[in-house]
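Read off the chains here:
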Amino acid sequence: MMEVAAGPWTEVFEGSERNGESLGSSTLTLAPLVADSPSIRRSQPIFINSNRSKGVESFSSSVPSIPNPFPELSKSPVLISSLPPQTSDKHLIKVYGEDSHSRSVWVSRGATAREVCHMLVQTAHCTDEENWALLEVHPVLGLERCLEDHEVVLEVQATWSLKGDTRFVFCKNYAKYEFFRKPMLFFPECMISDSADVSKGMTSSELIQNLLKSGACPEIQGFLHVKEASRKAWKKVYFFLRRSGLYCSTKGSSKEPRHLQYVADLDDLNVYAVVNGRKLYGAPADFTFCIKPSKNPVRTQDLKILCAENEQTRTCWTSAFRLFKYGKQLQCNYQLSKSAPRSLEGSKLPDGKSKSEASLVAMDFSGKAGGRVIQNPTEAQSAEREEGQAWRRREALRCSLPNLNSGARPSSIHKSQPWFHGGVSRKEAQRLMEKQGLVDGMFLIRESQQHAQCFVLELCYKLKARHYLVIACEDGGRKYFTMDDGLTLFIDLLQLVEFHQINKGILPVCLKHPCVCVAL
């Protein structure tokens, strides 16, 4: 054995001999130059048991049990959590809000769109539970549709492509069942097929109402622009929508069987609204929609893209597609939506009006015997105008008082209201209203992009968005807002909205449904 010291380490050479003969083998070992170094204890791996249930039970047994403050959530078919549930029948989906933020939702295998919306309403702390919907959106293709309340969410998601950007969007939709309330607005007489049964002496309106009450739909006919396959050209074709399917005429508007060509089966397709159809598909108008097989992933070659002349025509076709496909089920969904919990502001009556709205009657207090109810509609409108003028005089007098507390209501109070959407553009505001359903009375207020310190009231009436400029003016050193060139003055936008929720003023209809965006 030979030792060679070099620095803090020692090289040790060992030679082994047997029976006096050298075997010629040697080993090299490095040993530290530490005098009387203590024995070194090396750490050993510790086996960790993967099942810690016993430890959890011993810990939970030492802590007093806390009752569940929300027992109703544990029975819901939808769970919202960052951790997966213990049961294996839960699946994770992602739902987006209109502010592009998303929330992950654990749903059971059979959870419907109605149940998912109900849970999201509670999670987002919405003020009401009416008119919420789940939209299926394909951003790249510009397609979107509102899921029916009875549709199973996971079955819809199973038809998506794994590489696509398809998503669910949670938002308001006031027009989901509007054709049950105003059928003549959605089904004009000019689009009702002549083959409908009118021999019993019923008018077209009576026929439509009877069909809708039974969950049926009248046959629809009319011209539509259709995009030809593998070409950018569009062709105007006469279509027929019947219970047996969608047909087109190969010879003008002829209805003869030899001229009808079968296009699609209604039971195996979904109808989508097309967003920005002019840019994406070169559509001749903005009122584009398409049909595609419901059980296949969305592919461009499978889309049948159609374009109508106006919004009423497009709405008529898409509503008829839904009624022919689901029939009585839509009527059941509508009845369930009316029996759902309402907001605390007031319950709805069968005709769609709230109790507070239905209790408003025109009164005359000019006589000495007390007030009387005005029965004549013309006299009631005259009383409404007089009351509006008296309200203007009272507000002008109140605002001109020197001791008015201007700090009681800040001028920026409108920024906290759900109907105010800040500096969104006109196109974005109109797109938002179309997504939430073009029903009469839906409105929002945004900042004007062309006039400084002014605002724009967007109001929907007869399936069209109308725009009213709200001008800021000064009178007696005070700031007011007006829409009728100073005839009616409002101290802020909140007062303007509250006034027009009861009085039409210069508007064609009272403000009723605020267009809102909920952050998830």
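Residues numbered from 1 in each chain as written. Predicted model: local features only at pLDDT ≥ 70, side-chain atom pairs only at ≥ 80, totals over all residues. Heavy atoms only, no water.

Participant: An account of the overall build of the chain is needed here, citing residue identities and associated values.
Facilitator: Helix and strand content of the chain: 14 helices and 23 strands. The long-range fraction of contacts in the chain, counting pairs at least 24 apart against all pairs at least 6 apart in sequence, stands at 54%. (Helix = DSSP H or I, 4+ residues; strand = E, 2+ residues; numbered from the N terminus. Contact = heavy atoms within 4.5 Å.)

Participant: How would you explain helix H13 (residues 426-435) if you had to name every residue and give the values?
Facilitator: Among the residues of H13, Ala429, Leu432 and Met433 are the ones counted as buried. The buried residues of H13 occupy one face: seen down the axis, they fall within an arc of 95°. Residues of H13 that are buried in the fold lie against strand E19 (442-447), strand E20 (455-461) and strand E21 (464-475). Of the residues flanking the end of H13, it is Gly437, one or two places downstream, whose phi is positive at about 100°. (Buried < 20%, exposed > 50% of the residue type's maximum accessible area, 1.4 Å probe, protein only. Arc of directions from axis to C-beta.)

Participant: Lay out the pairing of strand E10 (residues 220-227) with the relevant residues and their values.
Facilitator: On a regular strand, one side chain projects to one face of the sheet and the next to the other, so that they alternate. Burial within E10 is extensive, with 6 of its 8 residues counted as buried. Across 8 bridges, E10 lies against strand E11 (residues 234-242) in antiparallel orientation. Directly across from Lys227, in E11, lies its bridge partner Trp234. Linking two consecutive strands that pair antiparallel, namely E10 and E11, is a turn of 6 residues; a positive phi of about 55° is found at Ser230 within it. Of the strand pairs in this sheet, E10 and strand E16 (residues 304-307) are connected by 2 bridges, and their pairing is antiparallel. Directly across from Val226, in E16, lies its bridge partner Leu306. (Pairing = 2+ DSSP bridges.)

Participant: Before we move on, could you go through the confidence of the model for the chain and cite the residues and values that matter?
Facilitator: Averaged over every residue, the pLDDT of the chain is 77; the share at 70 or more is 70%. At the low end of the mean pLDDT range in the chain sits helix H1 (residues 53-62), at 45; at the high end sits E20, at 95. In this model residues 9-35 is a low-confidence stretch, pLDDT under 50, and it forms 39 contacts with partners more than four residues away in sequence or in other chains. Confidence drops under pLDDT 50 across residues 343-352; counting only partners more than four residues distant or on other chains, this segment forms 15 contacts. (pLDDT = per-residue confidence, 0-100.)

Participant: Give me the lowdown on the side chain of Thr159, citing residues and values where you can.
Facilitator: Counting through the fold element by element, Thr159 comes out in the loop between helix H4 (153-157) and strand E9 (167-172). Only 2.6 Å separates the side chain of Thr159 from the backbone oxygen of Val156, close enough to count as a polar contact. Excluding residues that lie within four positions of it along the chain, Thr159 makes contacts with Ser294, Lys295, Asn296 and Pro297. (Polar contact = N/O pair within 3.5 Å; in protein donor to acceptor, adjacent residues only side chain to side chain.)

Participant: Which residues make up the packing of aromatic side chains, and what are the values?
Facilitator: Counting across every chain of the model gives 13 aromatic pairs. Centroid distance Phe180 to Tyr334: 4.9 Å. Interplanar angle 15°. Geometry classified as stacked. Note that Phe180 is positioned in helix H5 (residues 178-181) and Tyr334 in helix H10 (residues 328-339), a separation of 154 residues in sequence. The exposure classification of Phe180 matches that of Tyr334, with both residues buried. (Phe/Tyr/Trp six-rings, centres within 6.5 Å; stacked < 30°, edge-to-face > 60°.)

Participant: Any details on the pattern of salt bridges? Residues and values, ideally.
Facilitator: The tally for this structure, following the rule as stated, stands at 13 salt bridges. Taken together, the shared-partner salt bridges connect Glu136, Arg145 and Glu151 into one network. (Salt bridge = Lys/Arg side-chain N within 4 Å of Asp/Glu carboxyl O.)

Participant: Lay out the side chain of Thr482 with the relevant residues and their values.
Facilitator: For Thr482, the position within the fold is in strand E22 (residues 478-482). Of the polar contacts made by the side chain of Thr482, one reaches the backbone nitrogen of Gly486; its length is 3.0 Å. Ignoring any residue separated from it by four or fewer positions in sequence, one finds Thr482 in contact with Leu469, Val470, Ile471, Cys473, Leu487, Thr488 and Leu489.

Participant: Which residues make up the environment of Leu269, and what values do they have?
Facilitator: Checked against the element boundaries, Leu269 lands in strand E14 (residues 269-274). Along the primary structure Leu269 and Arg322 are separated by 53 residues, whereas in three dimensions their C-alpha atoms are 10.0 Å apart. Beyond its immediate stretch of four places on either side in the chain, Leu269 contacts Ala264, Ile291, Lys292, Pro293, Ser294, Phe321 and Lys325.

Participant: How would you sum up the sheet that holds strand E23 (residues 513-514)? Please name residues and give values.
Facilitator: Here 5 strands make up an open sheet; going across it, the order is E22-E21-E20-E19-E23 and the pairing mixed. The open sheet has two free edges, formed respectively by E22 and E23, since each of these has just one partner strand. Bridge count for E20 against E21 is 7 bridges, and the pairing is antiparallel. Looking across to E21, one finds that Leu457 is bridged to Tyr468. Along the sheet, H13 contacts E19, E20 and E21; its crossing angle with E19, the most-contacted strand, is approximately 160°. Strand contacts of helix H14 (residues 493-500): E19, E20, E21 and E22, with the helix running at about 160° to E19, the strand carrying the most contacts. (Axes fitted to C-alpha atoms, helices over the stretch in contact; angles between N-to-C directions.)

Participant: Mind laying out the pairing of strand E12 (residues 245-249), listing which residues take part and the relevant values?
Facilitator: In terms of residue burial, E12 counts as a mostly covered element, since 5 of its 5 residues are buried. The alternating pattern of E12 places Gly245, Tyr247 and Ser249 on one face and Leu246 and Cys248 on the opposite face, and all of these are buried. Taken together, the 4 bridges between E11 and E12 define a ladder with antiparallel strand orientation. Note that in E12 the partner of Arg242 across the bridge is Gly245. Here E11 folds back onto E12 in antiparallel fashion, the turn holding 2 residues.

Participant: Lay out H10 in plain terms, naming residues and giving numbers.
Facilitator: The end-to-end C-alpha distance of H10 is 17 Å, a good match for the 16 Å that 12 residues give at a rise of 1.5 Å each. Taken together, the buried positions of H10 are occupied by Leu330, Gln331, Asn333 and Tyr334. Viewed along the axis of H10, the buried residues span an arc of 160°, placing them on a single side of the element. (Expected span 1.5 Å × (residues − 1).)

Participant: Requested: an account of the state of the cysteines, with residues and values cited.
Facilitator: Going through the model one piece at a time under the given rule, you end up with 0 disulfides. Left unpaired, Cys517 is separated from the closest cysteine sulfur, that of Cys515, by 6.3 Å. (Disulfide = S-S within 2.5 Å.)

Participant: An account of unusual backbone geometry is needed here, citing residue identities and associated values.
Facilitator: We note that Ser100 has phi near 70°; this positive angle belongs to a residue other than glycine. Tracing the sequence through the fold places Ser100 in the loop between strand E5 (90-96) and strand E6 (102-108). The exposed category is assigned to Ser100, whose relative accessible area is 55%. Backbone geometry places Lys462, a non-glycine residue, at a positive phi of 55°. Residue Lys462 is classed as partly exposed on the basis of its relative accessible area of 48%.

Participant: Could you give an account of the nonpolar core, naming the residues involved and the relevant values?
Facilitator: Grouped together as the largest cluster of nonpolar side chains are 35 residues, with contacts concentrated most on Phe187, Ile220, Phe239, Leu241, Trp317 and Phe321. Counting residues per element, this core draws most heavily on helix H9 (residues 311-326), which supplies 7 residues. Excluding residues within four positions of it along the chain, Leu241 makes contact with Glu219, Ile220, Leu246, Leu266, Trp317, Ala320, Phe321 and Phe324. Ranked by size, the runner-up nonpolar core spans 24 residues in total, among them Val95, Ala113, Cys117 and Leu134. (Core = buried A, V, L, I, M, F, W, Y, C linked by side-chain atoms within 4.5 Å.)

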